[in-house]
Structures are given as structure tokens and as C-alpha cells.
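# Remarks on the overall topology
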Amino acid sequence: MADGIVSKVLKVFLVKYGKQWDGREAHKMLGKTPLDAAAAVVEDYGLPCTPEELITEINPLFSDQWCKIKPLPGANRIIKHLKVNGVVMALASNSPRESIELKISHQPGWKESFSAIVSGDEVRMGKPSPEIFLEAAKRLNVEPSSCLVIEDSLPGVMAGKAAGMEVVAVPSLPKQSHLYTSADEVINSLVDLQPEKWSLPPFQDCIPPRVESTLPIEAWYIGGPVIKGFGRGSKVLGIPTANLSTEGYSEVLSEHPSGVYFGWAGLSTRGIYKMVMSIGWNPYFNNTEKTIEPWLLHDFDEDFYGEELHLVIVGYIRPEANFPSLESLIEKIHEDRKIAEKALDLPLYVGYRNDQYLRTS
């Protein structure tokens with residue numbers, strides 16, 4: 001997840017020039033060559049240096065951070081799955097070769113999984129030119145028309161389509177899907193990729209392997225006092241959610257794509273309950289901030305605002321989606337409840353009910 005590293009470095013670096021990085025310019029840098037990205041920063045902030053000088057000055061700061069980079073959710077799953085099934089892969093990036101090698105050296109198994117790596121300094125023109133993808137296809141000894149590109153940036157999507165390839169877009173920035181219309185498909189996160197749509201071997205790790213399947217994930221933990229949300233859970237939806245503050249959890253939330261999850265909830269004075277939750281921007285209501293909205297699957301006689309709530313999230317159901325009507329949204333939420341209730345009775349998930357975190361005050 002390089003975008004977080006970029007923001008962190010620029011936030012510190014720009015203080016030197018009396019400037020404040022607020023992230024709003026991130027979209028101007030996404031997917032561009034280092035020189036073009038540096039030019040955008042110099043211009044937007046009126047820095048007294050050239051793009052080349054900025055790169056020279058800031059590169060050591062990035063080098064110190066690449067060891068901390070985390071892969072996008074679902075990336076390891078896809079790479080491992082395709083490698084095991086004998087699908088050849090290439091990595092094509094506008095970044096310099098040295099930077100790519102450094103980044104992937106911290107991701108176990110990545111370097112040997114790619115049959116070819118093409119960097120921005122190995123081609124005449126970077127993305128949105130198709131040259132980098134055409135070179136990748138050449139090194140794989142395959143036709144461009146038989147390639148699938150998975151991209152998170154607009155320049156990358158444009159490059160893939162110009163190369164005559166099929167493209168799945170996974171927008172890095174939230175609420176930007178409408179800009180990626182040239183892609184063959186836009187998905188919320190790599191977790192939602194369906195390889196069989198592109199004549200690739202399907203994943204076999206969903207439990208159970210049918211329509212109402214769930215994806216087991218490495219358990220993650222979040223907790224805090226129950227707060228008042230938007231007042232629409234019970235009043236508008238008829239579904240009483242126990243909202244948690246996102247304060248202090250921005251990094252955790254950035255590591256998990258928006259969508260619908262499930263797991264176990266522990267209330268400090270009441271007990272442990274099955275839980276289904278959404279995290280994200282809730283497109284139907286168009287939230288301006290990412291929220292955490294758990295629904296404890298139990299009928300309570302009273303509100304419990306202020307009580308300590310601990311969650312253990314163990315599985316994923318579906319990506320966040322918009323709905324044509326309030327009724328269709330409510331219907332889908334109740335479907336999510338049924339899926340979560342059934343799944344949490346399975347041996348794979350039921351054991352987490354005894355996690356000590358749920359009982360910790």
C-alpha cells in the first residue's frame with residue numbers, strides 16, 4: 001500500500017518548506033512516473049526546486065519506508081493462487097527498477113512469483129503509454145489480447161486498454177470508481193476479484209463453496225465505547241447498529257477494504273453475541289467518512305451507548321455496494337445477517353467466540 005507511505009513521507013518533508021500535506025493532491029500522483037509525480041508536487045505547493053531536485057532530496061526518505069509497506073488486501077492471496085495454478089505473471093510499474101526490487105524484497109515469495117518485471121526506466125514512455133504492458137507481454141511470450149491487467153490508477157487503466165488487454169480496476173482512492181469507466185470491470189478491492197470471469201482458475205478458499213459463501217480472513221480486533229451514529233440504524237433501516245468511533249483506528253481500517261464482515265462481539269456487562277458489520281462510506285447514504293457499523297444479532301431491550309464493545313472480525317461476506325432503493329438495501333442487510341448467523345456456527349469460526357479479547361474490559 002504505497003499510497004500511505006507517500007502521504008507519510010510528504011507530510012514530513014513539506015514541513016521543511018512551510019507547507020502542509022493534506023492528501024487532496026494524491027490523485028494527481030497516482031500511477032504516474034516519479035518525475036511527473038514530483039512535478040505535480042512542485043507545482044501544487046510552489047516549491048523552490050525542480051522536480052529532479054525534489055526526487056534527489058526525497059528518495060532517501062522513501063527508501064527508509066519501503067520496508068514498512070504492506071500489500072493491498074487480497075494481493076498475497078491472488079499471487080499465491082495464480083502461481084500455484086501455473087499462471088504466468090508480470091509486474092509492470094512506472095517506478096524505477098531499484099525501487100521495485102526494494103519494495104518486493106520485503107514481501108515473501110513475490111519476486112520468484114513474477115516471470116517478468118518491467119520498470120519505468122526500462123521503457124521510453126511510462127503509463128498511460130501502453131509500452132510498459134506490451135513489453136511485459138513480450139517478455140512473457142504471450143499475446144497482449146490474452147493478458148489481464150489489474151490496476152489501481154487511471155494512467156495504468158489507460159495503458160492496459162491501449163495495449164489491447166482486458167483491465168480490472170481497483171481504485172486506490174475511495175469513492176473514485178466512477179472515473180474508471182474505461183476498465184472492463186471495477187472492483188472494490190483485490191479481495192473481490194473473481195478469476196473465473198477472466199478464464200482463470202477460481203479461488204477454492206471460500207467457506208462453504210457456494211452462492212452464500214464467506215471468505216475466512218486473519219482475525220482482526222477493534223473496540224471502544226458504543227457511540228451514537230447517524231440516527232438511521234433503528235429509525236430508517238429498522239436495524240439497530242452499535243457504532244464505534246474510528247479515532248485511533250485509521251491505520252487498521254486502511255488495511256481492510258470497505259465491505260461487509262462478520263464475527264463476534266463482546267459487551268463488557270452483557271455477554272458475547274454474533275455480529276455482522278459494515279465498514280466504509282455506505283454509498284446509499286454517501287457518508288463523507290469511513291465508518292464502522294456493527295449489528296449485534298440479538299434483541300436488546302434497551303440502548304447501551306457508552307458501554308465497552310470489543311469485536312473479533314473473522315470473515316468477509318461482500319464488497320460495499322449502492323442500492324436503487326431503501327427497501328433493496330434493507331433486504332440485502334438481512335441477507336447478510338442470515339449468512340453471518342449460519343457461518344458463525346461453522347467450526348472454522350465458532351472457536352473465536354472464546355477469544356479472550358471479547359471478555360477484556
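These numbers come from a predicted model, not from an experiment.

Once that is clear, we can look at the pattern of salt bridges. Summed over all chains, the structure comprises 18 salt bridges. Taking the shortest distance from any N to any O, the salt bridge between arginine 77 and aspartate 205 comes out at 2.8 Å. Taken together, the residues span a long stretch of sequence, with arginine 77 in helix α5 (residues 75-84) and aspartate 205 in the loop between β5 (185-186) and β6 (215-227) at a distance of 128 residues. On the accessibility criterion, arginine 77 (18% relative accessible area) is buried. Note on aspartate 205: relative accessible area 30%, which makes it partly exposed. Close ionic contact of glutamate 135 with arginine 139 constitutes a salt bridge, the shortest N to O distance being 2.9 Å.

All right, on to the domain arrangement of the chain then. By domain assignment, the chain separates into domain 1 (2-67), domain 2 (75-198) and domain 3 (215-359). On a C-alpha basis, the centres of domain 1 and domain 3 stand 36 Å from each other.

The next point concerns the sheet that holds strand β3 (residues 148-151). With parallel pairing, the 3 strands of this open sheet are ordered in space as β3-β4-β5. With one partner strand each, in any of the chains shown, β3 and β5 form the two edges of the open sheet. Together, β3 and β4 (166-169) form the strand contacts of helix α8 (residues 154-162), whose direction differs from that of β4 by roughly 165°.

What follows concerns the environment of aspartate 152. One can find aspartate 152 in the loop between β3 and α8. Taking the C-alpha atoms as reference, aspartate 152 lies 9.7 Å from valine 186; in sequence the two are 34 residues apart. Within the local environment of aspartate 152, its side chain forms a polar contact with the side chain of serine 172, the two groups lying 2.6 Å apart.

Counting buried positions along strand β11 (residues 308-319) yields 10 of 12 residues, so the element is predominantly enclosed. Pairing of β6 with β11 involves 8 bridges; the strand directions are antiparallel. Looking at β11, one finds that proline 216 is bridged to glycine 315. One ladder, built from 9 bridges, connects strand β8 (residues 259-267) with β11; its direction is antiparallel. Paired with glycine 263 across the strands is isoleucine 313, a residue of β11.

With that settled, consider helix α3 (residues 34-45). Compared with an ideal rise of 1.5 Å per residue, which puts 12 residues at 16 Å, α3 spans 17 Å between its outermost C-alpha atoms and is within 8% of the ideal. All of the buried residues along α3 are Ala37, Ala38, Ala40, Val41, Val42 and Tyr45. Following α3 by one or two positions, glycine 46 adopts a phi angle in the positive range, close to 60°.

With respect to burial, strand β9 (residues 271-280) is a largely interior element, 8 of its 10 residues being buried. Relative to β9, β8 runs antiparallel, the two being bridged by 9 bridges. Following the sheet pairing, tryptophan 264 is matched in β9 by lysine 274. Counted along the chain from β8 to the antiparallel partner β9, the turn is 3 residues long. Summarising the sheet, β9 and strand β10 (residues 291-296) pair through 6 bridges and their orientation is antiparallel. When the sheet's bridge partners are listed, methionine 275 is paired in β10 with leucine 296.

Attention shifts here to the nonpolar core. In terms of nonpolar packing, the biggest core is built from 23 residues, with Trp220, Ile222, Met277, Leu296, Leu309, Leu311 and Ile313 touching the most fellow members. Looking at this core, the elements with two or more residues in it are β6, β8, β9, β10 and β11. Once residues within four sequence positions are removed from consideration, leucine 296 is found in contact with Ala242, Ala265, Leu267, Tyr273, Lys274, Met275, Phe304 and Leu309. In terms of nonpolar packing, the next biggest core, distinct from the first, is built from 22 residues, Val9, Ala26, Leu54 and Phe62 among them.

Quick look at the environment of leucine 61 now. Structurally, the position occupied by leucine 61 is in helix α4 (residues 51-65). The exposure class assigned to leucine 61 is partly exposed, which follows from its relative accessible area of 35%. Separated by 55 residues in sequence, leucine 61 and valine 6 place their C-alpha atoms 9.8 Å apart. Here leucine 61 is in contact with Val9 and Phe13, once residues within four sequence places are set aside.

Conventions we followed
- Residues numbered from 1 in each chain as written.
- Predicted model: local features only at pLDDT ≥ 70, side-chain atom pairs only at ≥ 80, totals over all residues.
- Heavy atoms only, no water.
- Salt bridge = Lys/Arg side-chain N within 4 Å of Asp/Glu carboxyl O.
- Helix = DSSP H or I, 4+ residues; strand = E, 2+ residues; numbered from the N terminus.
- Buried < 20%, exposed > 50% of the residue type's maximum accessible area, 1.4 Å probe, protein only.
- Domains from an automatic or database assignment.
- Pairing = 2+ DSSP bridges.
- Contact = heavy atoms within 4.5 Å.
- Axes fitted to C-alpha atoms, helices over the stretch in contact; angles between N-to-C directions.
- Polar contact = N/O pair within 3.5 Å; in protein donor to acceptor, adjacent residues only side chain to side chain.
- Expected span 1.5 Å × (residues − 1).
- Core = buried A, V, L, I, M, F, W, Y, C linked by side-chain atoms within 4.5 Å.

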